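# Secondary and tertiary structure notes
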Amino acid sequence: MTIAICVGSSCHLKGSYDVIAKMKAALAENKLEDKVDLCAAFCLGKCSTTGVSIRVDDKIVSGVNTDNFDDIFKEYVLGGLDV
């Protein structure tokens with residue numbers, strides 16, 4: 001699985017580096033570092049007013065923030081890996 005987190009201007013201002021930190025911690029906590037390639041990306045074309053855009057394989061998820069991160073991680077990462 002490949003996860004790209006937008007670090008473009010808009011997402012940067014909405015907390016992309018906080019989302020990256022949470023993603024790194026969640027991957028480590030679930031021992032998924034060897035199953036997930038985490039990278040940064042510039043504009044994914046799905047800007048949101050409520051948070052950051054991420055791409056999980058071919059699915060773009062918009063509006064990710066520290067408040068909804070856990071639910072998104074469970075659905076798109078854990079749910080996509082059959083952990």
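Quick notes on the rules
- Residues numbered from 1 in each chain as written.
- Predicted model: local features only at pLDDT ≥ 70, side-chain atom pairs only at ≥ 80, totals over all residues.
- Heavy atoms only, no water.
- Helix = DSSP H or I, 4+ residues; strand = E, 2+ residues; numbered from the N terminus.
- Contact = heavy atoms within 4.5 Å.
- Patch = residues over 30% accessible without salt bridge, like charges linked within 9 Å, V, L, I, M, F, W, Y side chains within 5 Å.
- Areas by Shrake-Rupley, 256 points an atom, 1.4 Å probe, with all protein chains shown as cover.
- Salt bridge = Lys/Arg side-chain N within 4 Å of Asp/Glu carboxyl O.
- Lys, Arg positive; Asp, Glu negative; His and termini not counted.
- Charge placed at Lys NZ, Arg CZ, Asp CG, Glu CD.
- Pairing = 2+ DSSP bridges.
- Axes fitted to C-alpha atoms, helices over the stretch in contact; angles between N-to-C directions.
- pLDDT = per-residue confidence, 0-100.
- Buried < 20%, exposed > 50% of the residue type's maximum accessible area, 1.4 Å probe, protein only.
- Expected span 1.5 Å × (residues − 1).
- Phe/Tyr/Trp six-rings, centres within 6.5 Å; stacked < 30°, edge-to-face > 60°.

This part covers the side chain of Ser16. Inspection of the secondary structure puts Ser16 in helix H2 (residues 16-29). The residues touching Ser16, leaving out its near neighbours within four places in the chain, are Ile5, Cys6, Val7, Cys11 and Val52.

On the surface, Glu29, Asp70, Asp71 and Glu75 cluster together into a patch of negative charge. Sort the elements by how many residues they give to the negative patch and helix H3 (residues 69-81) lands first, with 3 residues. Tracing the backbone through its elements, the reader meets Asp71 in helix H3.

As summarised here, the arrangement of the 4 strands in space is S2-S1-S3-S4, forming an open sheet in which the pairing is mixed. A strand with exactly one partner marks an edge of an open sheet, and here the two such strands are strand S2 (37-41) and strand S4 (59-64). Taken pair by pair, the neighbouring strands of this sheet meet at an average axis angle of 25°, ignoring direction. Examined bridge by bridge, strand S1 (residues 2-6) and strand S3 (residues 52-56) share 3 bridges and lie antiparallel to one another. Bridge pairing in S3 places Ala4 opposite Arg55.

Overall, the predicted model of the protein chain reaches an average pLDDT of 93, with 98% of residues at or above 70. Across the protein chain, the secondary-structure element scoring lowest on mean pLDDT is helix H1 (residues 9-13), at 91, and the one scoring highest is H2, at 97.

Relative to the elements of secondary structure, Ile72 occurs in helix H3. Looking at Ile72, the relative accessible area reads 13%, which means it is buried. Excluding anything up to four places from it in sequence, Ile72 contacts Ile54, Val61, Val64 and Val77.

To continue, consider H3. The periodicity of an α-helix, 3.6 residues per turn, causes residues three or four places apart in sequence to face the same way. Between its first and last C-alpha, H3 extends 17 Å over 13 residues, near the 18 Å set by a 1.5 Å rise per residue. If you follow the buried residues of H3, they end up packed against S1, H2, S3 and S4.

Now for the packing of aromatic side chains. Any two aromatic rings considered together are summarised by their centre-to-centre distance and by the angle between their planes. Summed over the entire model, instances satisfying the criterion amount to 1 aromatic pair. A ring pair is formed by Phe69 and Phe73, whose centres lie 5.8 Å apart and whose planes are at 25°; its orientation type is stacked. Separated by 4 residues within a single helix, Phe69 and Phe73 lie in helix H3, roughly one turn from each other.

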